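Chain and residue survey
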Amino acid sequence: MSDFSYENVLVEIKDQVAWVTLNRPEKRNAMSPALCYDMVDVLTRLAGDDDVRVLVLTGAGEAFSAGMDLKLFFRALDDNPAEKARAREADRAWNWQKLSTFPKPTIAMVNGYCFGGAFTPLVACDIAIAAEDAIFGLSEVNWGILPGGLVSKVVTMTMNYRQSLYYAMTGKPFDGKKAAEIGLVTFAVPKDRLRDEVAALAEDLKKIAPEVLRGTKETIRAIGDMPVDMAFEFAYAKSDQLRFRDREKTRDRGMGEFLDTKSYRPGLGPVKRS
Ligand code: COA
């Protein structure tokens with residue numbers, strides 16, 4: 001079990017699931033430079049932690065995250081370009097580079113407010129489950145900025161053209177049910193079931209061999225922007241890489257149990273892990 005603590009983030013590892021909680025509830029978990037520095041370290045450690053099979057990202061209190069910290073990330077750094085550059089680098093490193101390439105499944109558990117800059121880690125996670133009454137918003141336009149950093153990009157990766165423009169240009173908030181309807185999150189559940197649903201999903205993911213999941217998420221993420229022929233070659237190369245990486249030999253066992261012993265049906269669920 002890993003043992004480390006942070007000022008702005010709580011990390012709890014239980015039954016091979018890392019529950020990572022942005023922990024500035026009194027500031028609605030707004031992302032300060034210090035929180036970004038903490039998260040870079042958290043993700044670096046958890047990526048290499050053999051005790052961790054699934055990562056859940058959530059927020060303490062009423063918010064998932066109210067976005068970038070207007071005071072500490074913007075105003076306080078306006079006249080400090082060197083520190084601003086460092087903070088921006090950490091922001092991008094954790095909420096996109098490290099999170100979107102995290103080698104294990106990631107679930108965003110959206111428990112409450114999710115605004116502006118918080119859309120980036122939300123979309124960086126592989127799966128997003130929201131409370132039906134969570135409040136989302138591209139609020140930037142309300143106070144004179146535009147969805148910067150990677151926010152415009154991740155919005156158009158998930159929401160369609162019309163929805164992206166509508167919510168970015170009006171700044172109107174919307175709830176978890178709407179977020180699911182427009183594709184921003186995977187699904188929404190009543191708030192009192194949120195943690196149980198996420199825990200159950202994490203258990204399902206743990207039944208699948210880690211290298212199979214890793215190869216699958218890396219492939220789905222990478223091929224989106226590729227031409228068709230390149231995507232074809234890439235998927236074949238990743239499949240070969242997976243056979244090499246998967247020490248559990250899941251493919252061989254699955255085929256054997258389906259074709260030879262006829263003891264298993266791949267269409268109905270994962271083959272038992274060795
Ligand atoms: N940056 C900095 N501080 C923030 C913040 C943010 N993005 N969001 C909330 N806070 C701070 C508030 O300034 C306040 O601090 P204080 O107690 O020192 O006065 C504290 O968090 C609580 O916020 P408050 O507005 O009183 O809470 P609320 O529950 O009434 O409203 C929100 C919650 C999320 C609706 C509201 O705080 C808000 O609109 N935040 C900004 C959201 C936003 O536009 N984010 C985009 C940034 S890219």
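Residues numbered from 1 in each chain as written. Predicted model: local features only at pLDDT ≥ 70, side-chain atom pairs only at ≥ 80, totals over all residues. Heavy atoms only, no water.

Next up on the list: the domain arrangement of the chain. According to the domain assignment, the chain contains domain 1 (9-206) and domain 2 (210-260). Measuring from the centre of the C-alpha atoms in domain 1 to the corresponding centre in domain 2 gives 28 Å. On the domain 2 side, the residues contacting the 13 residues of domain 1 number five residues. It is Arg53, Pro103 and Asp126 that lose the most area in domain 1 upon contact with domain 2, and together they represent 50% of the buried surface on that side. Remark: the boundary between domain 1 and domain 2 carries two salt bridges. Its salt-bridge partner being Asp126, residue Arg221 comes within 2.8 Å of it at the nearest N-O pair. Applying the counting criterion to the domain 1 and domain 2 interface returns six residue pairs in polar contact (both at pLDDT 80 or more). (Domains from an automatic or database assignment. Contact = heavy atoms within 4.5 Å. Buried area = accessible area lost by both parts, 1.4 Å probe. Salt bridge = Lys/Arg side-chain N within 4 Å of Asp/Glu carboxyl O. Polar contact = N/O pair within 3.5 Å; in protein donor to acceptor, adjacent residues only side chain to side chain.)

Our next topic: the sheet that holds strand 10 (residues 187-189). Strand order in the open sheet formed by six strands is 1-2-3-5-7-10, and the pairing between neighbours is mixed. Edge positions in the open sheet fall to strand 1 (9-14) and strand 10, since each of these has one partner strand only. On average, adjacent strands in this sheet sit at an angle of 20 degrees to one another, irrespective of strand direction. Bridging between strand 7 (residues 127-131) and strand 10 involves three bridges; their strand directions are parallel. Residue Ala130 lies in a different strand from strand 10, and its bridge partner there is Ala188. In this fold helix 8 (residues 194-206) packs onto strand 1, strand 2 (17-22), strand 3 (54-59), strand 5 (106-110), strand 7 and strand 10, with an angle of close to 175 degrees to the strand it touches most, strand 5. (Pairing = 2+ DSSP bridges. Helix = DSSP H or I, 4+ residues; strand = E, 2+ residues; numbered from the N terminus. Axes fitted to C-alpha atoms, helices over the stretch in contact; angles between N-to-C directions.)

The next subject is the sheet that holds strand 6 (residues 113-115). Taken in spatial order, the four strands line up as 4-6-8-9 in an open sheet, and their pairing is mixed. The strands lining the two open edges of the sheet, one partner per strand, are strand 4 (63-65) and strand 9 (174-175). Relative to strand 8 (residues 135-137), strand 6 runs parallel, the two being bridged by two bridges. Opposite Phe115, over in strand 8, you have Gly137 as the bridge partner.

Burial runs high along strand 5: five of the five residues are buried. Taking every second residue as pointing to the same face, both faces of strand 5 are buried, with Thr106, Ala108 and Val110 on one and Ile107 and Met109 on the other. With three bridges connecting them, strand 3 and strand 5 associate as parallel partners. Directly across from Leu57, in strand 5, lies its bridge partner Ala108. Bridging between strand 5 and strand 7 involves four bridges; their strand directions are parallel. Looking at strand 7, one finds that Met109 is bridged to Ile129. (Buried < 20%, exposed > 50% of the residue type's maximum accessible area, 1.4 Å probe, protein only.)

Running from N to C, helix 9 (residues 210-223) and helix 10 (residues 228-245) cross one another at 165 degrees; their axes reach a closest spacing of 10 Å. If you check the angle between helix 9 and helix 10, you find them roughly antiparallel. Between helix 9 and helix 10 the crossing geometry is right-handed. Here helix 9 contributes Glu211, Val212, Arg214, Gly215, Glu218, Thr219, Ala222 and Ile223 to the contact with helix 10, which in turn contributes Ala231, Phe234, Ala235, Lys238, Gln241, Leu242 and Arg245. Looking at the contact of helix 9 with helix 10 residue by residue, the class counts come to seven nonpolar, three polar and five charged. (Parallel < 35°, antiparallel > 145°, perpendicular 65-115°, else oblique. Left-handed = near helix turned anticlockwise from the far one by under 90°. Nonpolar A, V, L, I, M, F, W, Y, C, P; charged D, E, K, R; others polar.)

Looking at the element boundaries, Arg24 is found in the loop between strand 2 and helix 1 (33-47). Owing to a relative accessible area of 8%, Arg24 belongs among the buried residues under this scheme. In this structure Arg24 touches Asn8, Asn29, Ala30, Ser32, Leu35, Asp69 and Leu72, once residues within four positions along its chain are discounted.

Taken residue by residue, helix 11 (residues 250-260) has Thr250, Gly254 and Gly256 as its buried positions. Taken end-on, helix 11 shows its buried residues confined to a sector of 165 degrees, consistent with a single buried face. Of the residues one or two after helix 11, Lys262 is the one with positive phi, at around 55 degrees. (Arc of directions from axis to C-beta.)

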